[in-house]
Amino acid sequence: MYIGLDLGTSGLKGVVIDENQGVVAEATASLAVSRPAEGQSEQSPADWIAAAETVMDGLARRTSLAAVKGLGLSGQMHGATLLDAADEVLRPCILWNDTRAHAEAAVLDGDPMFRRITGNIVFPGFTAPKLDWLRLHEPQLWQRVARVLLPKDYLRLWLTGEHVAEMSDAAGTSWFDTGARDWSDDLLAATGLSRAQMPRLVEGAEVSGVLRAELARRWGLPEGVVVAGGGGDNAASGVGVGVVRAGDAFVSLGTSGVLFAANDGYQPAPETAVHTFCHALPQTWHQMGVILAATDALNWYGRFVDRDAAALTSELGAVQAPGKTLFLPYLGGERTPLNDAAVRGAFIGLEHATDRTAGTRAVLEGVTFAFRDCRDALAATGTRLERLIAVGGGSRSAYWLQAIATALGVPVLLPEAGDFGGAFGAARLALMAATGAGAEIATLPPIAHVIEPVAALSDAFDAGHARFRAAQSAIRGLT
């Protein structure tokens, strides 16, 4: 058997799969986010360890773990987990959706070397500008930084005692030569750091270490369980849903939203605000259009009107043409294609007839149009989408998937019941690391439904997106 652990923003999930990739057991633990000031988002790494203990306890209760041969890790990207020389955590981790370092990011992005080497814009949520912010605002802590780890790699340190990162996650730091799949000494030096403060690198399907004996004994695992490199959450999800070859793509409706396409080669286009990162498999890359609020926007609206997301979407019938009410989902800034930490969301076109259902539809449509912006940005790099696999909590909304299919003009494939996301992908990477298997085991999941675009509504969604783009231009600078 093989374990996958996925460290998300709102929780940690674990799965156990057997040698046939059937899910044997699952467990979850919730996590909270601290927001000490506007634009700031943090978590305590100690909470990740506690969540991992809860999840492993749950898995061990549900099935014997005596046959486990490998464990893989997936996790939220970009977080700055800062350790001193004794591996003690110096401060809460600054998360991916924290925009406090927007000024520092702009300065780094102004140096052409960063885009040239990383293949990406230096976004405020990336790791390097956070260290520059720390140097300016918390200099005493900055001087004590002996190691910088990404969130899942702090879990790895606890599991194995090793400081290790893998290519897909490291590519989101702004210190990484994405084409060469290695740290860039020049970029590190530009932010006052060195390779000695970085973890060593492995590919996602390689062995990064061995589970510590005391942890193996605690949960009834055998000695010598290997821990795979794993992947950043989206790369691991790509492995989980079989999006590992050029032409394959998925749409993730999680806290944030991702339009993810696999590539056989390295084809950066930072001017589009598309992310170009290493995939979790060797000599494979991927591109992403990223929006910062997907289900997060729907959950926000649910709190506003005192309904949960499931209740809101259950009130909707068949997909309709976009209405007058328009929603811009920029609750905490935006990445693709705006690269704007300051822009904020808005409702436009409110009238006496606007009710809760109209608001729900507007939120779903606003996020859908943000995905269409991402599709257009990917197309500008030469990447074309033929179909999308839907993953994430928002994929439970048939209305949302139908709107996405119609607005983007591609079929959306919904897997059968089961979560084929980051935890499942991490378990697949564990299987690869333990057995030497490769991308051939990362097959598509069984598909329950294929949602085709509604041709009769195509023009209406085109017009709705045009209004969305006009409102987007108008709102920037006002918020």
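Residues numbered from 1 in each chain as written. Predicted model: local features only at pLDDT ≥ 70, side-chain atom pairs only at ≥ 80, totals over all residues. Heavy atoms only, no water.

Regarding the overall build of the chain
This is how it is decided: Going along the chain from the N terminus, every DSSP run of H or I of four or more residues is numbered as a helix, and every run of E of two or more is numbered as a strand. As defined in this context, the radius of gyration uses C-alpha atoms, and a globule is described by 2.2 Å times the residue total to the power 0.38. For the exposure calls, accessible area comes from a 1.4 Å probe over protein chains only, and a residue counts as buried if that area is under 20% of its type's maximum, exposed if over 50%, partly exposed in between. Only heavy atoms enter the contact rule, under which two residues are in contact if any of them lie within 4.5 Å.
Each helix and strand counted, the chain has 16 helices and 24 strands in total. Here the C-alpha radius of gyration of the chain, 21 Å, is about what a compact globule of 479 residues would show, namely 23 Å. The C-alpha extent of the chain, read off along each of the three principal axes, is 65 × 50 × 40 Å. Looking at the chain as a whole, 61% of its 479 residues qualify as buried. For the chain, restricting intrachain contacts to residue pairs at least 6 apart in sequence, the fraction spanning at least 24 positions comes to 73%.

Points about the sheet that holds strand β22 (residues 388-391)
To keep it simple, the criterion reads: Paired strands, in this sense, are two strands between which DSSP finds at least two bridges. Here, axes are lines fitted to C-alpha atoms. For helices the fit covers the stretch in contact, and angles between N-to-C directions go from 0 to 180 degrees.
Spatially, the seven strands line up as an open sheet ordered β18-β19-β17-β16-β22-β23-β24, and their pairing is mixed. The sheet is open, and its two borders are formed by β18 (275-278) and β24 (447-451), each paired with just one other strand. Strand-to-strand twist in this sheet, taken as the mean axis angle between neighbours without regard to direction, amounts to 25°. Here four bridges tie strand β23 (residues 412-415) to β24, and the two strands are oriented antiparallel to one another. Within the sheet, the bridge partner assigned to leucine 414 lies in β24 and is histidine 449.

Points about the pairing of strand β5 (residues 70-75)
Two faces make up the sheet, and in a regular strand the side chains alternate between them. Of all the six residues making up β5, six are buried; the element is thus mostly covered by neighbouring parts of the structure. Neither face of β5 is open: one carries Gly70, Gly72 and Ser74, the other Leu71, Leu73 and Gly75, and all of them are buried. Note that strand β1 (residues 2-7) and β5 share six bridges and pair parallel. When the sheet's bridge partners are listed, isoleucine 3 is paired in β5 with leucine 71. In terms of strand pairing, β5 meets strand β14 (residues 226-228) through two bridges, oriented parallel. Paired with leucine 71 across the strands is valine 227, a residue of β14. Here β5 runs beside strand β15 (residues 231-232); their pairing, made up of two bridges, is parallel. Directly across from glycine 75, in β15, lies its bridge partner glycine 232.

With respect to the environment of valine 202
Here valine 202 shows up in strand β12 (residues 200-202). You can call valine 202 buried: its relative accessible area is 5%. In sequence terms valine 202 and alanine 228 are 26 residues apart; their C-alpha atoms lie 8.8 Å from each other. Beyond its immediate chain neighbours, meaning those up to four positions away, valine 202 contacts Val164, Ala165, Glu166, Met167, Val207, Ser208 and Gly229.

Notes on empty space enclosed by the protein
Applied cut-off: Cavities and pockets were defined on a 1 Å grid built over protein atoms only: a cavity is a set of grid points that admits a 1.4 Å probe from which the probe cannot escape, a pocket is an open set flanked by protein on both sides within 12 Å along at least five of seven lines, and lining residues are those with an atom within 4 Å of any such point. Grid points are joined across faces, edges and corners, and a volume is the space filled by probe spheres set on the points. Here the term charged refers only to Asp, Glu, Lys and Arg, the term nonpolar to Ala, Val, Leu, Ile, Met, Phe, Trp, Tyr, Cys and Pro, and the term polar to all other amino acids, Gly among them.
Enumeration according to the criterion identifies two cavities of 30 Å³ or more in this entry. There is about 60 Å³ of room inside the largest cavity. Around the largest cavity sit Trp96, Thr99, Phe123, Pro124, Gly125, Leu292, Glu334, Arg335, Asp340 and Ala341, which together line it. Taken together, the residues that form the lining of the largest cavity break down as five nonpolar, two polar and three charged. Quantified by volume, the second largest cavity comes out at close to 50 Å³. Around the second largest cavity sit Thr127, Val148, Leu149, Leu150, Ala165, Thr173, Trp175, Trp183, Met198 and Pro199, which together line it.

A word on the packing of helix α1 (residues 45-62) against helix α6 (residues 151-160)
What counts is decided by this rule: Take the far helix as the reference: if the near one is turned anticlockwise from it by less than a right angle, the crossing is left-handed, and if turned clockwise, right-handed.
At a closest axis distance of 10 Å, the pairing of α1 and α6 adopts a crossing angle of 65°. Helix-helix and strand crossings are classified by hand; for α1 and α6 the assignment is right-handed. Mapping the contact onto sequence places Pro45, Trp48, Ile49, Ala52 and Glu53 in α1 and Pro151, Tyr154, Leu155 and Trp158 in α6. Residue composition of the contact of α1 with α6, by class: eight nonpolar, no polar and one charged.

Brief notes about the pattern of salt bridges
Note the cut-off: Note on definitions: salt bridges are taken to be side-chain nitrogens of Lys or Arg within 4 Å of carboxyl oxygens of Asp or Glu.
Per the counting criterion, the structure on display carries 27 salt bridges. With its nearest N and O atoms 3.1 Å apart, the salt bridge here joins lysine 152 to aspartate 153. Across this residue pair, the class does not change: lysine 152 and aspartate 153 are buried. The partner of arginine 195 in a salt bridge is aspartate 182, with the nearest N and O atoms 3.0 Å apart. Of this pair, arginine 195 sits in the loop between α8 (185-190) and β12 while aspartate 182 sits in strand β11 (residues 182-183), and the two are 13 residues apart along the sequence. On the accessibility criterion, arginine 195 (33% relative accessible area) is partly exposed.

Observations concerning helix α2 (residues 102-109)
What counts, and what does not: Working definition: the arc comes from the directions between the helix axis and the C-beta atoms, pointing outward to the latter.
Taken residue by residue, α2 has Glu104, Ala105, Leu108 and Asp109 as its buried positions. The buried residues of α2 occupy one face: seen down the axis, they fall within an arc of 135°. Exposed side of α2, more than 90 degrees from the buried face: Ala106 and Val107 are the residues found there. Packing partners of the buried residues in α2 comprise α3 (112-118) and α4 (127-137).

As far as function goes, none of this settles anything; it's purely spatial.
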